[in-house]
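Overview (structure and organization)
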Amino acid sequence: MSKKIVILGGGTGGLIVANKLRKLAKVNDVLLVDKEKNHLFNPSLLWVMTGWRTKNQIQKPLSRLQRKGIKFVNTLVENIDFKNQIIVTPDGDMPYDYLVIALGASTFPERMEGFSESAYNVFDLVGVEEIRDAVEDFDKGRIVVLVSSMPFKCPAAPYEAALLLSAHFTKKKRKNVEIEMVTPETIPMAVAGEEIGNMVVSLLQSRGISFKPQHQTTHIDPTKKKITFSDEKTLSYDLLIGVPPHGPPEFLKDSPIVEEKGWVKVNPRTMETDLENVYALGDVTSIILPDGKPLPKAGVFAHYQADVVAHNILAKMKNKSDKKEFTGKGSCFIELGDGRAGYASGNFYTEPTPKVNLKKPSRWWHWQKVLFEKVWFWKWF
Ligand SMILES: Cc1cc2nc3c(=O)[nH]c(=O)nc-3n(C[C@H](O)[C@H](O)[C@H](O)COP(=O)(O)OP(=O)(O)OC[C@H]3O[C@@H](n4cnc5c(N)ncnc54)[C@H](O)[C@@H]3O)c2cc1C
């Protein structure tokens, strides 16, 4: 009997699950739900900031998946009635037999006093276009790249933003622009280990970008252009580029599948939740590593976890017991802005700590990222 598989979220993970289910099983009832009309390829957001991409080049309409037999519903998920297996939306209820929650981490600029009025949001399509325009004529003063709070998606992204901006000003020979990178983290990408963190700090320093770790912002004053931290120290800026506070979807707050902070609890290998036939993957989940740190929120993990979820749903539907497992492997590019990129890769599930190494920055890795972007749209749309 045909089953209804509903995938919530057409971002990195949801897009792949939908494709894999179509391809592997020719299942007819695959429904993908997203509040946005377009899939956004986040790794290229910073290239919009540098002017190397337009916003249209890094998005594709999710409705194109209908050609592959994947039904796309463009609506907001307001709630999930787990007991009756129903998705609640303003356009009506949708029943499911199997559910994949791939809703990502939401951003909440309003949760940081003064953020929306003061900062350009570097994690948002509108924000990166605004930054592109704002830095065009900026020739003197202090730019602060601010991580407002933890956790946030893509541990490398704010550092890439600072490096890309620095390369922009070097190219334009604007010597009177100062860049500061401010974050609550102890070192960049701490989960990947001290060696990687120190390498990123060296990269920042080699560009003259000052690094201020362990700075927890409490509020921002848009009139005085001043950031206040938890120790009551302040920092002034001329241009503020910020990573907004992140959080899980609010409607999941009181549901039976979340941990105390509202992220979805999953089996870290099979991506099963505590409820039968309900899976979750990617940024919406909470996975604690053997060293007690959370698995970073990154597309590469959502990608591999999506493979696992698609396989395990199909196995279950066919009453097969061969479950696929997520191994904890992951990698990411780190753009430097001068035509080169670094490449960090490893396994985050190794004990006692993740084993990650960083390849020497080179043009090769930059071009690998360009190729990855092309293949992404070709393969999944
Ligand atoms: C600037 C930037 C650069 C990045 N670069 C990289 C990189 O180089 N490598 C890497 O691995 N990761 C990178 N990431 C992180 C990566 O994009 C995310 O970790 C990844 O997209 C997570 O995938 P996901 O499927 O869990 O969620 P998402 O891709 O965020 O998808 C969630 C989807 O759910 C939809 N949604 C949310 N709530 C609702 C609702 N209530 N109703 C309906 N739809 C809803 C959203 O519209 C979205 O389409 C970057 C992120 C940013 C911001």
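Residues numbered from 1 in each chain as written. Predicted model: local features only at pLDDT ≥ 70, side-chain atom pairs only at ≥ 80, totals over all residues. Heavy atoms only, no water.

With that out of the way, let us pick up the state of the cysteines. Summed over the entire model, instances satisfying the criterion amount to zero disulfides. Cysteine Cys154 remains unbridged, with the sulfur of Cys332 as its closest cysteine sulfur at 5.8 Å. (Disulfide = S-S within 2.5 Å.)

Once that is clear, we can look at the domain arrangement of the protein chain. Under the domain assignment used here, the protein chain contains domain 1 (5–105 + 248–317) and domain 2 (108–245). Distance between the C-alpha centres of domain 1 and domain 2: 29 Å. Together, the buried faces of domain 1 and domain 2 total about 1700 Å²; carbon and sulfur atoms form 73% of this surface. Sorting the residues of domain 1 by area buried against domain 2 places Leu45, Leu46 and Met49 first, and these three jointly supply 35% of that buried surface. Note that Arg111 is salt-bridged to Glu250, the shortest N-O span being 3.0 Å. When grouped by side-chain class, the residues that make up the side of domain 1 that touches domain 2 number 13 nonpolar, three polar and five charged. (Domains from an automatic or database assignment. Buried area = accessible area lost by both parts, 1.4 Å probe. Salt bridge = Lys/Arg side-chain N within 4 Å of Asp/Glu carboxyl O. Nonpolar A, V, L, I, M, F, W, Y, C, P; charged D, E, K, R; others polar.)

Okay, the layout of surface pockets next. Its volume calculated, the second largest pocket comes out at about 670 Å³. Every residue lining the second largest pocket is counted, 27 residues in all, and those nearest its centre are Met150, Pro151, Phe152, Pro294 and Leu295. For the lining of the second largest pocket, the domains that each give at least three residues are domain 1 (5–105 + 248–317) and domain 2 (108–245). (1 Å grid on protein atoms, 1.4 Å probe; cavity = no way out; pocket = protein on both sides within 12 Å on 5 of 7 lines; lining within 4 Å. Points joined across faces, edges and corners; volume = space filled by probe spheres on them.)

Mapped onto the fold, Phe372 is located in helix 8 (residues 363–380). For the pair Phe372 and Pro43, spaced 329 residues apart in sequence, the C-alpha separation works out to 9.8 Å. Leaving out residues up to four positions away in the same chain, Phe372 has contacts with Phe41 and Phe333. (Helix = DSSP H or I, 4+ residues; strand = E, 2+ residues; numbered from the N terminus. Contact = heavy atoms within 4.5 Å.)

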